[in-house]
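Observations on the three-dimensional arrangement
Residues per chain are reported as follows:
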Amino acid sequence: MSRFWSPLIARLAPYTPGEQPRMANLVKLNTNENPFGPSPKVIEAIRGEIGDNLRLYPDPESEQLRQTIADYYGVTRDQIFVGNGSDEVLAHVFQALFQPGAPVLFPDITYSFYPVYCGLFGIEGKTVPLNDKYQIEPSDYAQPNGGVIFPNPNAPTGVAMELALIEQIVQANPDSVVVVDEAYVDFGTASAIALVDRYPNLLITQTLSKARSLAGLRVGLAVGHRDLIEALERVKNSFNSYPLDKLAQVGAQAAFEDEDWFEHTRQAVISERERLTGGLQKQGFDVLPSKANFVFTRHPAHAGETLALALRERGIIVRHFQKPRISEFLRITVGTPLQNDALLDALGDIV
Ligand SMILES: *Cc1c(COP(=O)(O)O)cnc(C)c1O
């Protein structure tokens, strides 16, 4: 705190990212990165872009990348927005598309960046409790609001929602924008992009950080009606008109073009998730049904915090949230087969 801080900054409660420790031989299962690397074609494309051209600004509109994504999803380029990670895309969404006068609704257990953006942009947020199976109840979102946002699958629970239920929320809110944050959708959930042409109030965000294994490149995107996309463009061009550098643009494009790599690594994560779930259940853990690249789990006889600390002593890092309703849980990222074995061995030891 300093007298030079603006009142807004003094009031903020910023997001706490999962730690990125620099220790060797760590089994790092705390931030949902992909254990399998990005496509070799992505690396090749980035290498090809490194040269004298880096003295020039990148394409401010990322036209080629947006066209590639539009073709991939069967929409038009003016329905695609790209940003420097989906966190930046979400920031623009909060600023551009959520209305004052009624609170923005999101689940009580969800991505903790949403309340942070409410604080940054002076938006009132209201949490809506998940039911006792940790699911989103669509009827709870039929109440006055300035916007709705939730991830599908939800984080940190991993629990997914059927498209028909999402559609109910969209239909119940014709006068506000409903945002579906699909950071983990590629690990086994149907995308609501299938609905965007029917609902002008529906916006989908996605990231290349998880299923496409490019957390370090920082690329996220949004898909929706062109009027929603134009609103995001207006914020972008009032904030940072070159959010994606040249390396990110070509790397992201190559990622969407290498369907084989995407399919192969995604399936490997899904099958490891199922194996990890089975291994945990054998040790007496409750595991919520996950459609993400992580599992959310608790043991009836061991506190979440104790387990997280005991794992850390063995060089394994998982995420534990000191929050109501979920403090007994661990969020464990699906790792490589070897990492998952190390985790299961360590937990077997501990419990
Ligand atoms: C990881 C994650 C993001 C952010 O992704 P970036 O593109 O890396 O900024 C957004 N939403 C949810 C729910 C996430 O888990």
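Residues numbered from 1 in each chain as written. Predicted model: local features only at pLDDT ≥ 70, side-chain atom pairs only at ≥ 80, totals over all residues. Heavy atoms only, no water.

Focus on the packing of helix α10 (residues 304-313) against helix α11 (residues 337-350)
Heads up, the rule is: Think of each axis as a best-fit line through the C-alpha atoms, taken over the contacting stretch in the case of a helix, with angles from 0 to 180 degrees between the N-to-C directions. To qualify as a helix, a DSSP run of H or I must reach at least 4 residues; to qualify as a strand, a run of E must reach at least 2; elements of each kind are numbered from the N terminus. Here roughly perpendicular refers to angles of 65 to 115 degrees, roughly parallel to angles under 35, roughly antiparallel to angles over 145, and oblique to all remaining angles. It is the rotation of the near helix from the far one that decides the hand of a crossing: anticlockwise by less than a right angle makes it left-handed, clockwise makes it right-handed. Contact criterion: two residues are considered in contact whenever any of their non-hydrogen atoms come within 4.5 Å of each other. Basically, the charged four are Asp, Glu, Lys and Arg, the nonpolar ten are Ala, Val, Leu, Ile, Met, Phe, Trp, Tyr, Cys and Pro, and anything else, Gly included, counts as polar.
Where α10 contacts α11, the axes come no closer than 10 Å and their chain directions differ by 120 degrees. On the basis of their axis angle, the class for α10 and α11 is oblique. Judged by the twist between their axes, the crossing of α10 over α11 is right-handed. Contact residues: L307, A310 and L311 in α10; L343, A346, L347 and I350 in α11. For the contact of α10 with α11, the residue count by class is seven nonpolar, no polar and no charged.

Topic: the domain arrangement of the protein chain
Basically, it comes down to this: Domain ranges listed in this record stem from an automatic or a database domain assignment. Once two parts are put together, the accessible area they lose, assessed with a 1.4 Å probe and summed over both, is termed the buried area.
When its domains are assigned, the protein chain resolves into domain 1 (7-37 + 260-350) and domain 2 (40-258). When each unit is reduced to the centre of its C-alpha atoms, the spacing between domain 1 and domain 2 is 24 Å. With 34 residues of domain 1 in contact, the opposing surface of domain 2 contributes 34 residues. Taking both sides of the interface into account, the surface hidden between domain 1 and domain 2 amounts to around 2700 Å²; carbon and sulfur atoms contribute 61%. For domain 1, the biggest contributors to the area lost against domain 2 are Y15, F262 and R325; these three give 28% of the whole.

Remarks on the environment of N53
What counts is decided by this rule: Burial here depends on accessible area, computed with a 1.4 Å probe over protein chains only, as a share of the maximum for the residue type. Under 20% is buried, over 50% is exposed, and the range in between is partly exposed.
Mapped onto the elements of the fold, N53 is located in the loop between α2 (40-49) and α3 (63-73). Judged by relative accessible area, which is 40%, N53 ranks as partly exposed. With 208 residues separating them in the primary sequence, N53 and W261 have C-alpha atoms 28 Å apart.

Examining the nonpolar core
For clarity, the cut-off: Note on terminology: a nonpolar core comprises buried Ala, Val, Leu, Ile, Met, Phe, Trp, Tyr and Cys residues joined through side-chain atoms within 4.5 Å.
One finds F150 and L202 to be the most contacted residues of the largest nonpolar core, which totals 49 residues. The biggest single contributor to this core is helix α8 (residues 246-257), with five residues. Split by domain, this core shows at least three residues from each of two domains, domain 1 (7-37 + 260-350) and domain 2 (40-258). Beyond its immediate chain neighbours, meaning those up to four positions away, L202 contacts V170, V178, V180, A192, L195, V196, V223, G224, H225 and L228. Counting residues in each nonpolar core, the second largest holds 31 residues, with V269, L280, L343 and L347 among its members.

Comments concerning the pattern of salt bridges
What counts here: A carboxyl oxygen of Asp or Glu within 4 Å of a side-chain nitrogen of Lys or Arg is what we treat as a salt bridge.
By the definition in use, this model includes 13 salt bridges. For the salt bridge of R226 with D78, the shortest nitrogen-to-oxygen distance reads 2.8 Å. With R226 in helix α7 (residues 226-236) and D78 in the loop between α3 and β2 (80-83), this residue pair connects regions lying 148 residues apart in the sequence. The residue D349 makes a salt bridge to R314 at a minimum N-O spacing of 3.5 Å. Here R314 lies in the loop between α10 and β11 (316-318) and D349 lies in helix α11, a separation of 35 residues in the sequence. In this structure, a network of salt bridges that share partners links the residues E272, R275 and D341.

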